Amino acid sequence: MEDKKYAFDSLMKITDRPSAVFVKGQGSWLWDQEGNKYLDFIQGWAVNCLGHSPQAVLDAFQKQASLLINCSPAFYNDPMIRLADLITQNSCCEKVFFANSGAEANEGAIKLARKWGQLNRNGAYEIITMDHGFHGRTLTTMAASGKAEWEALYEPKTPGFKKVTLNDLKAVTEAVNEKTVGIMLEPIQGEAGVYEVTDEFMKGLRDLAKKEGLLIILDEIQTGIGRTGRLFAYEHYGLEPDIMTLGKGLGGGVPLAALVAKEAVCCFEPGDQGGTFNGNSLITAAGIAVMETLTQPGFLDTVSKTSSYLVQKLEALSEKYRLGEVRGKGMLLALDLKQAASKKAVDLAREKGLLINGPRPDTLRFMPALTVSTAEVDEMIDTLEDVLKASLVDE
Ligand SMILES: *Cc1c(COP(=O)(O)O)cnc(C)c1O
């Protein structure tokens, strides 16, 4: 591969990036400009659900790009309609608004809930959200998020969010008042380190919402689109959200998100919501390729089987090295290292050609392509074992 030198000077520094410059991806594999090959268990942050440059998305792109890339959101286009149908036919919701990022979809969800509150709950606008939750990086979605590091940043942020502890039903019940319009949460807190909502909590929220007339807003941006082994994570819990947001995996790697809602909640009127690139035909065509692949018979069964295999292997490692629990569902998994070794492990793994993420100092997260093979899982586990041997400190 051509050897290029980069100075990196022109980009704003928004994170500490390693010096590798990635130039090519295929399936579970990435290559940098020096020709080094990496097994990718990050996949664009649970974005490339079919792996890097999947054929279905390439074909859809090529076909759609030569037909029509973009005609204003003021007009219908064919892929926009077909993708919305695929989402409504395969979910509990009837209406879709397309967005370009998860944060934008969540902003839309908050707007929709507030408008609904104006019409149906005497102007109620407050939304109860969870400590350590993550909903995006606009000022409003930062305010909705429960990241302690963000509290002092960019003040004043949007008011109207009340934080409670995840899985603490009593705290939610006590936080409800006449200004409350809804409860917003992730079925599995991804960025926080893969913490699952309990069945009991979900059922409690459903009963509380019903009793008080509140909306349930599920942020399925990380958990949706097959990530947990079901098309949407709410299917694990027997709870139907009134509003759900999708992003990450929906476009199979390209910027596509969606605000999805029950018909009864959809109170937007013309002029209330929009966006220049929203629902453009090129990007929604990629979404169709993703949805058609995921809804093929057996696809999600295979995801669940490979997930069980990966969980079993991680649990074996945990036992061997006396680590903590393996958390999560499907292809959204975390390993508790029980010591602050994740940064060292992530860096060492990368040097050994494996990309994994450390969402907490003591936690590793795994978000491979849904199409990852058991042979690739084996290879990941082998490298991970070497990495753990070198980065864990005996206590
Ligand atoms: C990634 C993520 C978002 C934000 O999505 P962007 O596309 O980065 O704006 C919101 N909520 C959850 C749960 C996420 O994982």
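Details of the structure are given in the entry above.
Residues numbered from 1 in each chain as written. Predicted model: local features only at pLDDT ≥ 70, side-chain atom pairs only at ≥ 80, totals over all residues. Heavy atoms only, no water.

(A) Highlighting the overall build of the chain. Each helix and strand in the chain was counted, giving eleven helices and 17 strands. Relative to the 2.2 N^0.38 estimate, which gives 21 Å for 395 residues, the radius of gyration of the chain is 21 Å and therefore close to what a compact globule would have. Out of the 395 residues belonging to the chain, those deemed buried represent 55%. Within the chain, contacts between residues at least 6 apart in sequence are counted, and of these 71% link residues at least 24 apart. When the accessible surface of the chain is totalled, it reaches about 18300 Å², and 51% of it is carbon and sulfur. (Helix = DSSP H or I, 4+ residues; strand = E, 2+ residues; numbered from the N terminus. Rg over C-alpha atoms; globule rule 2.2 N^0.38 Å. Buried < 20%, exposed > 50% of the residue type's maximum accessible area, 1.4 Å probe, protein only. Contact = heavy atoms within 4.5 Å. Areas by Shrake-Rupley, 256 points an atom, 1.4 Å probe, with all protein chains shown as cover.)

(B) Examining the site of the ligand more closely. Every residue near the ligand is listed here: Ser-101, Gly-102, Ala-103, Asn-106, Phe-134, His-135, Gly-136, Glu-186, Asp-219, Ile-221, Gln-222 and Lys-248. The contact in question runs from a nitrogen atom of the ligand to an N or O atom on the backbone of Phe-134, over 3.2 Å. The contact in question runs from an oxygen atom of the ligand to an N or O atom on the side chain of Gln-222, over 2.8 Å. At three residues, helix α4 (residues 102-120) tops the list of elements feeding residues into the shell around the ligand. For the shell around the ligand, a count of residues per class yields three nonpolar, six polar and three charged. (Near = heavy atom within 4 Å. Polar contact = N/O pair within 3.5 Å; in protein donor to acceptor, adjacent residues only side chain to side chain. Nonpolar A, V, L, I, M, F, W, Y, C, P; charged D, E, K, R; others polar.)

(C) Region of interest: the packing of aromatic side chains. Enumeration according to the criterion identifies four aromatic pairs in this entry. On the basis of an interplanar angle of 75° and a centroid distance of 5.2 Å, the ring pair of Phe-22 and Tyr-38 is categorised as edge-to-face. Note that Phe-22 is positioned in strand β1 (residues 22-26) and Tyr-38 in strand β3 (residues 37-40), a separation of 16 residues in sequence. Residue class for Phe-22 comes out partly exposed when judged on its relative accessible area of 35%. Judged by relative accessible area, which is 7%, Tyr-38 ranks as buried. When the centroid spacing of 5.6 Å and the interplanar angle of 55° are considered together, the rings of Phe-134 and Trp-150 count as tilted. Of this pair, Phe-134 sits in the loop between β5 (126-130) and α5 (139-144) while Trp-150 sits in the loop between α5 and β6 (161-164), placing them 16 residues apart in sequence. With respect to burial, Phe-134 and Trp-150 carry one shared label: buried. Stacked on the ring of Trp-31, the Lys or Arg Lys-24 has its end atom at 4.5 Å from the ring centre. (Phe/Tyr/Trp six-rings, centres within 6.5 Å; stacked < 30°, edge-to-face > 60°. Lys NZ or Arg CZ within 6 Å of the ring centre and 35° of its normal.)

(D) Structural context of the pairing of β6. For β5 and β6, the ladder comprises four bridges, and the chain directions are parallel. When the sheet's bridge partners are listed, Met-130 is paired in β6 with Val-164. Crossover connection from β5 via α5 to parallel β6: handedness right-handed. (Pairing = 2+ DSSP bridges. Right-handed = clockwise from strand over helix to strand, strands pointing away.)

(E) Quick peek at the nonpolar core. If you look at the biggest cluster of nonpolar residues, it comprises 95 residues, and the most contacted ones within it are Phe-41, Ile-183, Leu-314 and Met-380. Looking at this core element by element, the count peaks at seven residues for helix α8 (residues 281-294). Once residues lying within four places of it in the same chain are set aside, the contact partners of Phe-41 are Leu-310, Leu-354, Leu-355, Ile-356, Arg-365, Phe-366, Met-367, Pro-368, Val-372, Glu-376, Val-377 and Met-380. (Core = buried A, V, L, I, M, F, W, Y, C linked by side-chain atoms within 4.5 Å.)

(F) View of helix α11 (residues 374-391). Taking 1.5 Å as the rise per residue, α11 with 18 residues should run 26 Å; its terminal C-alpha atoms sit 25 Å apart, in good agreement. Along α11, the positions that sit buried rather than exposed are Glu-376, Val-377, Met-380, Ile-381, Thr-383, Leu-384, Glu-385, Val-387, Leu-388 and Ser-391. Elements in contact with the buried residues of α11: β2 (29-32), β3, α9 (299-320), α10 (342-351), β15 (354-355) and β17 (363-366). (Expected span 1.5 Å × (residues − 1).)

(G) Looking closely at the packing of α9 against α11. Contact geometry for α9 and α11: axes closest at 10 Å, N-to-C directions at 20°. When the axes of α9 and α11 are compared, the pair comes out roughly parallel. Between α9 and α11 the crossing geometry is right-handed. Taken together, the residues of α11 that come into contact with α9 (itself represented by Thr-306, Tyr-309, Leu-310, Lys-313, Leu-314, Leu-317 and Lys-320) are Thr-374, Val-377, Asp-378, Met-380, Ile-381, Leu-384, Glu-385 and Leu-388. Considered class by class, the residues forming the contact of α9 with α11 number nine nonpolar, two polar and four charged. (Axes fitted to C-alpha atoms, helices over the stretch in contact; angles between N-to-C directions. Parallel < 35°, antiparallel > 145°, perpendicular 65-115°, else oblique. Left-handed = near helix turned anticlockwise from the far one by under 90°.)

(H) A look at the sheet that holds strand β11 (residues 243-246). The strand order β4-β12-β11-β10-β7-β5-β6 describes an open sheet built from seven strands, whose pairing is mixed. Both edges of this open sheet fall to β4 (95-99) and β6, since each of them pairs with a single strand only. Sheet twist, expressed as the mean angle between neighbouring strand axes with direction ignored, is 20°. Pairing between strand β10 (residues 215-219) and β11: three bridges, direction parallel. Paired with Asp-219 across the two strands is Thr-245, which belongs to β11. Sheet strands touched by helix α7 (residues 199-212): β5, β7 (180-185) and β10. Its angle to β7, the strand with the most contacts, is close to 165°.

(I) Quick look at the packing of helix α3 (residues 78-89) against α8. Axis separation between α3 and α8 bottoms out at 8 Å; the angle between their running directions is 35°. The handedness of the crossing between α3 and α8 is left-handed. Of the residues in α8, those in contact with Pro-79, Met-80, Arg-82, Leu-83, Leu-86 and Ile-87 of α3 are Ser-281, Thr-284, Ala-285, Gly-287, Ile-288, Met-291 and Glu-292. Looking at side-chain class alone, the contact of α3 with α8 contains eight nonpolar, three polar and two charged residues.

(J) Representation of the environment of Glu-240. Mapped onto the elements, Glu-240 comes out in the loop between β10 and β11. Placed 182 residues apart in sequence, Glu-240 and Leu-58 show a C-alpha to C-alpha distance of 33 Å. The contacts of Glu-240, once residues within four sequence positions are left out, are Cys-92, Tyr-234 and Lys-262. Within polar-contact distance, the side chain of Glu-240 engages the side chain of Lys-262 at 2.4 Å.

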